[in-house]
Amino acid sequence: MTNKKKPHFLLVVGLMITAACLCFTGCNSKNIAEYQGTFHALDTIAGMTLYSDTLTEKELAEAASSAEDLCRELENVFSSRLSGSSLYLLNGDAKEGPVKVREDLFYVIKSALEYAHLTDGAFDPTLLDIIEEWGIGTADPHVPEASFTESHKALRNYSNVTLDDEEASVSFDTANFRLDLGAIAKGYICDRMKELLVSEYGIESGLINMGGNVLTIGDNMKKGRPWNVGIADPHDPSSSIISLNVTDKSLVTSGTYQRYFQEDGHIYHHILDPFTAYPADTGLLSVSILTGGSMDADALSTGVFVLGPEKGLKLIEELEDTECILITEDGEFLFSKGAKKYLSDQVTP
Ligand code: ADP
Ligand code: MG
C-alpha cells in the first residue's frame, strides 16, 4: 500500500511545486506600470488607479489626464448649479417649448426618466427646486417652511418632462420644476471615463473612485485578483464595514452620511423622498448597488434608498446581473440573493 502511494504522492508534490514556480515567475515576469492620482471634480475628491503590462507610466498618466479632462468637460454639461452648463440652460428654456440638447444630455435625461418610471417615482429628476430650498451640502442648509414642501411636492413630477427622440429635444409640460441629475450623472461620467480608458488607451486594469461611485476595469492586475472595494461604515465613513470582490463592475453607494446637516437634534440628509419633499425615512443608512454600468448603479442606489428595504430588494431581484447590500438603522445587513458571493475577506484594497 505505502509503496504504491509514494510515487503518486511525489508526483503530486512535484506538480504543485512546478505550478507554484510557474505562477511565481509568471507573475513576476510581467513588468506592470502603475498610475495613481487624485483630482477634485463633481464636489468630491476623485481617485484613479491604472495598471498596464503594455503601456508605460507616462502613457498611463496621459490616459488618466484625458479621463480627468473628460470628467471636467461633462461636469460642465450635467451640473444643475454651474450657470452656463447645458442642463442649467435647458432648465431656463424648456418651459417655453422644446429645446434641442446634446446627445449625451438627452441620453442621461431619458435614462433618468426610465429609472423614475421603474422606481414608481422614488427616483425623480425633477426635484431641483426642492433640493435648492433644503440647501443640503451648501453653506446654508435649513428645513423649508411647511407651505413650501406642501406646494412643491405636488409640483415636481417626472411625467411632466416630454422627450422627442427624433429631434433630441426636451420640454417641460409645466413651468413649476427644474431638472437635477445629481443622482445619476456621476455614474454616467464614470462610465464615459472607463470607455475612454478602455477603447482609446487599451487599459485592461483600473479603478475610478468618485466619492460613493466606484467603477472597475478588469481585475487588479498588480495583485492578480479582483479589485477589493469597500462599503463605508455609515457610522465611520472613512473605514469600510464590508469589502467585495469586484471585476469589471461598478459599486455605488448612497448613504445618509454623505451629505447632511443637523437641526434640533435631527439629521437631515440629501436623499429626498419626492412624495414628501423631506429626506427619505425608510430605516436605511446606506444602499450599495453592484452592476456593470455605473450610471445604472447610481440611479438605483438613490431609487432603492427611497423605496426602502422591502420594495427596493424586490426591484433588485427583478433586474438581471444587479445586486444590492442595504445597511439598516438597526445595524442589519440585507443582501440581494446573489450579493453574498461577492463578499471578500480582504480588508486592504
Ligand atoms: P451622491 O450625490 O452623494 O453620490 P446620490 O447618488 O444618492 O448621492 O444622489 C443624491 C443627489 O441626487 C442629491 O444630492 C440630489 O441632488 C439628488 N436627489 C435627491 N433625492 C433624489 C431623488 N429621490 N431622486 C433623484 N435625485 C435625487
Ligand atoms: Mg445615485
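Residues numbered from 1 in each chain as written. Chains lettered and ligands numbered in written order. Predicted model: local features only at pLDDT ≥ 70, side-chain atom pairs only at ≥ 80, totals over all residues. Heavy atoms only, no water.

Quick look at the sheet that holds strand β6 (residues 205–210) now. Within the open sheet, the eight strands sit side by side as β1-β2-β6-β7-β10-β15-β16-β17. Their pairing is antiparallel. Two strands close off the open sheet at either side, each with one partner strand: β1 (33–41) and β17 (333–335). Sheet twist, expressed as the average angle between the axes of neighbouring strands with direction ignored, equals 10°. Where strand β15 (residues 284–291) meets strand β16 (residues 323–328), six bridges bridge the pair, whose relative direction is antiparallel. Its bridge partner being in β16, Leu290 is matched across the sheet by Glu323. Packed onto the sheet, helix α2 (residues 57–78) meets β1, β2 (44–52) and β6 and runs at close to 20° relative to β1. Those strands touched by helix α8 (residues 294–307) are β7 (213–217), β10 (250–255), β15 and β16, and its axis lies near 155° from that of β15. (Pairing = 2+ DSSP bridges. Helix = DSSP H or I, 4+ residues; strand = E, 2+ residues; numbered from the N terminus. Axes fitted to C-alpha atoms, helices over the stretch in contact; angles between N-to-C directions. Contact = heavy atoms within 4.5 Å.)

Here the focus is the environment of Leu319. Tracing the sequence through the fold places Leu319 in the loop between α9 (309–318) and β16. Classification of Leu319 as partly exposed rests on a relative accessible area of 23%. In the structure, Leu319 is positioned 28 residues away from Thr291 in sequence and 9.8 Å away in space, judged by C-alpha atoms. Apart from residues no more than four positions distant in its own chain, Leu319 is found in contact with Leu118 and Leu300. (Buried < 20%, exposed > 50% of the residue type's maximum accessible area, 1.4 Å probe, protein only.)

On the surface, a cluster of negative charge is made up of Asp281, Glu329, Asp330 and Glu332. Mapped onto the fold, Asp330 is located in the loop between β16 and β17. (Patch = residues over 30% accessible without salt bridge, like charges linked within 9 Å, V, L, I, M, F, W, Y side chains within 5 Å. Areas by Shrake-Rupley, 256 points an atom, 1.4 Å probe, with all protein chains shown as cover. Salt bridge = Lys/Arg side-chain N within 4 Å of Asp/Glu carboxyl O. Lys, Arg positive; Asp, Glu negative; His and termini not counted. Charge placed at Lys NZ, Arg CZ, Asp CG, Glu CD.)

Protein-derived ligands of the magnesium ion (ligand 2) are Ala183 (O), Asp298 (O), Asp298 (OD) and Thr302 (OG1), with the metal-ligand distances lying across 2.1 to 2.6 Å. In terms of primary sequence, the donors binding the magnesium ion (ligand 2) are separated according to A-x114-D-x3-T. Of this pair, Asp298 and Thr302 both sit in helix α8, four residues apart, roughly one helical turn. (Donors = N, O, S within 2.8 Å, 3.2 Å for Na, K, Ca; no water.)

Around ligand 1, the structure places 19 residues, and the nearest of them are Asp180, Ser254, Arg259, Leu272 and Thr302. Measuring from a nitrogen atom of ligand 1, one finds a backbone N or O atom of Asp124 at 3.0 Å. Isolated, ligand 1 exposes 570 Å² of accessible area, and the fraction of that covered by the protein chains is 96%. Tallying contributions element by element places α8 first for the shell around ligand 1, with three residues. A class-by-class count of the residues in the shell around ligand 1 yields nine nonpolar, five polar and five charged. Each of domain 1 (7–76 + 184–344) and domain 2 (80–172) contributes no fewer than three residues to the shell around ligand 1. (Near = heavy atom within 4 Å. Polar contact = N/O pair within 3.5 Å; in protein donor to acceptor, adjacent residues only side chain to side chain. Nonpolar A, V, L, I, M, F, W, Y, C, P; charged D, E, K, R; others polar. Domains from an automatic or database assignment.)

This part takes up the domain arrangement of the chain. It is common to report an interface's size as the accessible area lost on association of the parts. What the domain assignment reports for the chain is domain 1 (7–76 + 184–344) and domain 2 (80–172). Once you take the C-alpha centre of each, domain 1 and domain 2 turn out to be 26 Å apart. Contacts between the two partners involve 32 residues from domain 1 and, on the opposite side, 31 residues from domain 2. Roughly 2,600 Å² of surface becomes buried between domain 1 and domain 2 when both sides are summed, with 74% attributable to carbon and sulfur atoms. Our count for the domain 1 to domain 2 interface comes out at two salt bridges. Residue Arg102 pairs with Glu73 through a salt bridge whose shortest N-O separation is 3.9 Å. Viewed at the interface, domain 2 and domain 1 are joined by four residue pairs in polar contact (both at pLDDT 80 or more). (Buried area = accessible area lost by both parts, 1.4 Å probe.)

Under the counting rule described, the total for this entry stands at eight aromatic pairs. Taking 5.9 Å as the distance between ring centres and 50° as the angle between the ring planes, the aromatic pair formed by Tyr107 and Tyr188 counts as tilted. Of this pair, Tyr107 sits in helix α4 (residues 103–118) while Tyr188 sits in helix α7 (residues 185–199), placing them 81 residues apart in sequence. Overall, Tyr107 belongs to the partly exposed group, its relative accessible area being 45%. By relative accessible area, which is 7% here, Tyr188 ends up buried. Here Trp134 and Tyr268 contribute two aromatic rings whose centre-to-centre distance is 5.5 Å and whose plane-to-plane angle is 40°, an arrangement assigned as tilted. Taken together, the positions of Trp134 in helix α5 (residues 128–134) and Tyr268 in strand β12 (residues 266–269) put the pair 134 residues apart, joining distant regions of the chain. There is no split in this pair, since Trp134 and Tyr268 are both buried. (Phe/Tyr/Trp six-rings, centres within 6.5 Å; stacked < 30°, edge-to-face > 60°.)

Next up on the list: the confidence of the model for the chain. Mean pLDDT over the chain stands at 91; residues scoring 70 or higher make up 91%. Segment residues 1–7 is flagged for pLDDT under 50; beyond a separation of four residues in sequence, or across chains, it makes zero contacts in the model. (pLDDT = per-residue confidence, 0-100.)

With that settled, the discussion passes to the pairing of strand β5 (residues 169–172). Along β5, one buried face is formed by Ser169 and Ser171 and the opposite face, lined by Val170 and Phe172, is buried too. Taken together, the two bridges between strand β3 (residues 99–100) and β5 define a ladder with antiparallel strand orientation. Among the inter-strand pairings, Lys100 is bridged to a residue of β5, identified as Ser169. The antiparallel pairing of strand β4 (residues 161–164) with β5 creates a hairpin that spans four residues between the two strands, and Ala168 there sits at a positive phi of about 50°.

Here we come to unusual backbone geometry. Of note in this structure, Ala168 is not a glycine but carries a positive phi near 50°. Tracing the sequence through the fold places Ala168 in the loop between β4 and β5. For Ala277, which is not a glycine, the phi torsion comes out positive at approximately 65°. By the secondary structure assignment, Ala277 is in the loop between β13 (272–273) and β14 (278–279).

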